[in-house]
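Here is how the chains run, residue by residue.
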Amino acid sequence: MADDNGTQTSERIVDITLDEQSVVRRAPEIEHERAVAIYDLLDMNRFRPVGDYQGPYKVTLSIEDGKRLLFTIRSEDERDLTSVTLPLSPFRSLIRDYFQICESYFDAIKKLSPSQIETIDMARRGLHNEGSDLLMERLKDKIALDKATARRLFTLICVLHIRG
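Everything in this summary refers to the structure shown in the same document. (Residues numbered from 1 in each chain as written. Predicted model: local features only at pLDDT ≥ 70, side-chain atom pairs only at ≥ 80, totals over all residues. Heavy atoms only, no water.)

1. Digging into the pattern of salt bridges
Overall, the coordinates contain twelve salt bridges when judged by the stated rule. In this structure, Glu78 and Arg74 form a salt bridge, with 3.0 Å as the shortest nitrogen-oxygen distance. Using a relative accessible area of 14% as the deciding quantity, one classes Arg74 as buried. Notably, a salt bridge pairs Asp121 with Arg124, separated by 2.8 Å at the nearest N-O pair. Of this pair, Asp121 and Arg124 both sit in helix 3 (residues 114–139), three residues apart, which is roughly one turn of that helix. A single burial state applies to Asp121 and to Arg124, both of which are buried. (Salt bridge = Lys/Arg side-chain N within 4 Å of Asp/Glu carboxyl O. Buried < 20%, exposed > 50% of the residue type's maximum accessible area, 1.4 Å probe, protein only. Helix = DSSP H or I, 4+ residues; strand = E, 2+ residues; numbered from the N terminus.)

2. Focus on the sheet that holds strand 1 (residues 13–18)
Hydrogen bonds between backbone atoms are what pair the strands of a sheet, whose relative direction is either parallel or antiparallel. Spatially, the four strands line up as an open sheet ordered 1-3-4-5, and their pairing is mixed. At either end of the open sheet lies a strand with only one pairing partner, and these are strand 1 and strand 5 (80–87). On average, adjacent strands in this sheet sit at an angle of 20° to one another, irrespective of strand direction. Here five bridges tie strand 1 to strand 3 (residues 57–64), and the two strands are oriented parallel to one another. (Pairing = 2+ DSSP bridges. Axes fitted to C-alpha atoms, helices over the stretch in contact; angles between N-to-C directions.)

3. Here's the deal with the packing of aromatic side chains
Under the criterion given, the structure shown has three aromatic pairs. Residues Tyr98 and Phe154 carry aromatic rings whose centres are separated by 5.7 Å and whose planes lie at 65° to one another, so their mutual orientation is edge-to-face. In this pair, Tyr98 is assigned in helix 2 (residues 89–111) and Phe154 in helix 4 (residues 147–161), connecting sequence segments 56 residues apart. Judged by its relative accessible area of 6%, Tyr98 is buried. On the basis of relative accessible area, Phe154 is assigned to the buried category, the value being 0%. The cationic tip of Arg124 hangs over the ring face of Tyr105; the distance from NZ or CZ to the ring centre is 4.2 Å. (Phe/Tyr/Trp six-rings, centres within 6.5 Å; stacked < 30°, edge-to-face > 60°. Lys NZ or Arg CZ within 6 Å of the ring centre and 35° of its normal.)

4. Examining the nonpolar core
If you look at the biggest cluster of nonpolar residues, it comprises 43 residues, and the most contacted ones within it are Ile16, Leu61, Leu69, Phe71 and Ile73. It is helix 2 that provides the largest number of residues to this core, a total of nine residues. With near-sequence residues (within four places) excluded, Ile73 lies in contact with Phe47, Pro49, Tyr57, Lys58, Val59, Arg79, Asp80, Leu81, Thr82, Val84 and Ile143. (Core = buried A, V, L, I, M, F, W, Y, C linked by side-chain atoms within 4.5 Å. Contact = heavy atoms within 4.5 Å.)

5. Overview of unusual backbone geometry
The amide bond that connects Gly55 to the next residue, Pro56, takes the cis arrangement and shows omega of 5°. With respect to the helices, strands and loops of the structure, Pro56 is situated in the loop between strand 2 (47–49) and strand 3. Positive phi, close to 55°, is recorded for Asp65, a residue that is not glycine. Relative to the helices and strands, Asp65 is located in the loop between strand 3 and strand 4 (68–75). Positive phi values are uncommon outside glycine, yet Glu78 reaches one of about 75°.

6. Overview of the environment of Leu81
As for its position among the elements, Leu81 is in strand 5. Between the C-alpha atoms of Leu81 and Gly55, which are 26 residues apart in sequence, the distance is 9.6 Å.

7. What to know about the pairing of strand 5
When strand 4 meets strand 5, the two strands line up antiparallel, connected through seven bridges. Opposite Leu70, over in strand 5, you have Thr85 as the bridge partner. Hairpin remark: strand 4 followed by strand 5, antiparallel, with four residues in the connecting loop; positive phi at Glu78, about 75°.

The quantities given are spatial measurements derived from coordinates; they are silent on function.
Structure follows, in structure tokens:
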């Protein structure tokens, strides 16, 4: 069965949780980005782990030992299906740069002209696209997903990366 966009309704995430072992108090802008990413992701996504798994899926994102990103994937009825681990090292500098440009963007909104804000926002979107492309590349043999899903997951990975 397909939804209005032609995506198989079984090839999607219906619940996502961030395993935040040491949650820090985050800026309201970061919390807003997290909430929007989760809302948009659950509204529309394409996600299918490679293998003989039936969705829709419930996913928990976590960071293990500060070195690995872990996708724990369960069925809608809570059966454990699989987990996918990626090293975080290829993402570190990109995440750091993304945080810096986001800080600049949030500061710019308060005091710069619209054209200056737009320039910073274009750089922010460029880094975000680079992060989602890297995520898709690293997951290509493990999880099938579309660009929009990768973008939202990259946002959540960045949020999850903020540690105490």
